[in-house]
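Residue strings, one per chain:
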Amino acid sequence: MTVSFQLYSARNFTPWDDVFKTISALGYEAVEGYGALYVDTDKVRAAMDATGLTMPTAHVGIADLEGDLARVVKIARTLGIEAIFAPYIDATQRPSDSAGWSDFAKRLEAIANSLAGEGISMGWHNHEFEVIPQADGSIPMKVILDDAPSLAWEADIAWIERGGADVMAWIDSYGGRITAAHVKDIAPEGENADEDGWADVGEGVMDWKAILSALRTKTPAKYFVMEHDNPNDLNRFASRSIANFKAL
């Protein structure tokens, strides 16, 4: 089990050299990259090497995966990325029915097959909209997983909860596809409005003890990535989260 940190959580606390030093000092083994880290990959790799961090997983957008896969593979080679997760599809581009999501799944399957040939795994990372039924009754996340059989899943547990779905039911049904999980928490209702209602891991309403037990027994998940979409204090979030996670 690798305890990692999603660098998007630290986007407001750069420079990145300082972020890597902070994350490493707090006991994290790895970080998860996103678009801003791919501008100067040699510099990022040097900063990771200097702090003993690795980047086994990363988020890469659909446009980059479909538009310049060779560049994505080069980035992965430089940074040591083993698994790439497409993190999002803009609301303006989202399908509205089962047929549309099935076509989207086939696009993801094609990318996954291409990356597999490079020795890199490919998966999808969810938000809340993928678990909310469409007008025709279809559930996007189910369609994606069913129609893209080679695709892994980085399950963002708190977004499943925010989407009104049953986290444990999703783990029971598709646990075999979950190779990584985003570990984050939801603040009690009415709290942490300045942090978009999120909380440090273990400080919110999510039952992470039970969820982690399910993930460890029912899935092959290897990477557990601490995340907070909008923390106002990097050190507080990063330190509390890893301490609470390890206590579980």
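We now turn to the structure provided with this report. The structure displayed is predicted, hence computed values, not measured ones. (Residues numbered from 1 in each chain as written. Predicted model: local features only at pLDDT ≥ 70, side-chain atom pairs only at ≥ 80, totals over all residues. Heavy atoms only, no water.)

## Digging into the packing of helix α8 (residues 167–174) against helix α9 (residues 208–218)
In the contact formed by α8 and α9, the axes pass within 10 Å of each other and the chain directions differ by 5 degrees. As the angle between them shows, α8 and α9 are arranged roughly parallel. Contacts from Val167, Met168, Ile171 and Asp172 of α8 reach α9 at Ala210, Ile211, Ala214, Leu215 and Lys218. Among the residues forming the contact of α8 with α9, the class breakdown is 7 nonpolar, no polar and 2 charged. (Axes fitted to C-alpha atoms, helices over the stretch in contact; angles between N-to-C directions. Helix = DSSP H or I, 4+ residues; strand = E, 2+ residues; numbered from the N terminus. Parallel < 35°, antiparallel > 145°, perpendicular 65-115°, else oblique. Contact = heavy atoms within 4.5 Å. Nonpolar A, V, L, I, M, F, W, Y, C, P; charged D, E, K, R; others polar.)

## Remarks on the side chain of glutamate 32
Secondary-structure assignment places glutamate 32 in strand β2 (residues 30–33). Buried and without a salt bridge, glutamate 32 has lysine 184 as its closest oppositely charged side chain, separated by 9.5 Å. Here the side chain of glutamate 32 touches glutamine 6 through a polar contact of 2.6 Å, side chain to side chain. Among residues more than four places away in sequence, those in contact with glutamate 32 are Ser4, Phe5, Gln6, Leu7, Met55, Thr57, Ala58, His59, Phe85, Glu154, His182 and Val225. (Buried < 20%, exposed > 50% of the residue type's maximum accessible area, 1.4 Å probe, protein only. Lys, Arg positive; Asp, Glu negative; His and termini not counted. Salt bridge = Lys/Arg side-chain N within 4 Å of Asp/Glu carboxyl O. Polar contact = N/O pair within 3.5 Å; in protein donor to acceptor, adjacent residues only side chain to side chain.)

## Things to note about the packing of helix α5 (residues 98–116) against helix α6 (residues 140–147)
Packing of α5 against α6 brings their axes to within 8 Å, and their N-to-C directions diverge by 45 degrees. It follows from the interaxial angle that α5 and α6 lie oblique. Crossing geometry of α5 relative to α6 is assigned as right-handed. Where α5 abuts α6, its residues Ser98, Trp101, Ser102, Phe104, Ala105, Lys106 and Leu108 lie against Pro140, Val143, Ile144 and Asp147. Split into classes, the residues belonging to the contact of α5 with α6 amount to 7 nonpolar, 2 polar and 2 charged. (Left-handed = near helix turned anticlockwise from the far one by under 90°.)

## Remarks on the nonpolar core
Ranked by internal contacts, the top residues of the largest apolar core, which has 80 residues, are Leu7, Phe20, Met122 and Trp124. It is α5 that provides the largest number of residues to this core, a total of 7 residues. Once residues lying within four places of it in the same chain are set aside, the contact partners of phenylalanine 20 are Leu7, Val31, Leu37, Val44, Ala47, Met48, Thr51 and Leu53. With 6 residues, the next largest nonpolar core counts Ala83, Phe85, Ala180 and Tyr223 among its residues. (Core = buried A, V, L, I, M, F, W, Y, C linked by side-chain atoms within 4.5 Å.)

## Some remarks on the layout of surface pockets
Approximately 280 Å³ is the volume found for the largest pocket. Tyr8, Tyr34, His59, Pro87 and His127 are, among the 18 residues lining the largest pocket, the residues nearest its centre. Of the residues that constitute the lining of the largest pocket, the class distribution is 6 nonpolar, 7 polar and 5 charged. (1 Å grid on protein atoms, 1.4 Å probe; cavity = no way out; pocket = protein on both sides within 12 Å on 5 of 7 lines; lining within 4 Å. Points joined across faces, edges and corners; volume = space filled by probe spheres on them.)

## Let's talk about the sheet that holds strand β1 (residues 2–6)
Pairing in this closed barrel of 8 strands is parallel, and the strands run β1-β2-β3-β4-β5-β6-β7-β10 around the ring. Averaged over all adjacent pairs, the angle separating strand axes in this sheet is 30 degrees, with direction ignored. The pairing of strand β4 (residues 83–86) with strand β5 (residues 121–125) spans 4 bridges and is classified as parallel. Of the residues in β5, the one forming a bridge with alanine 83 is serine 121. (Pairing = 2+ DSSP bridges.)

No statement about biological role is implied by the geometric values presented.
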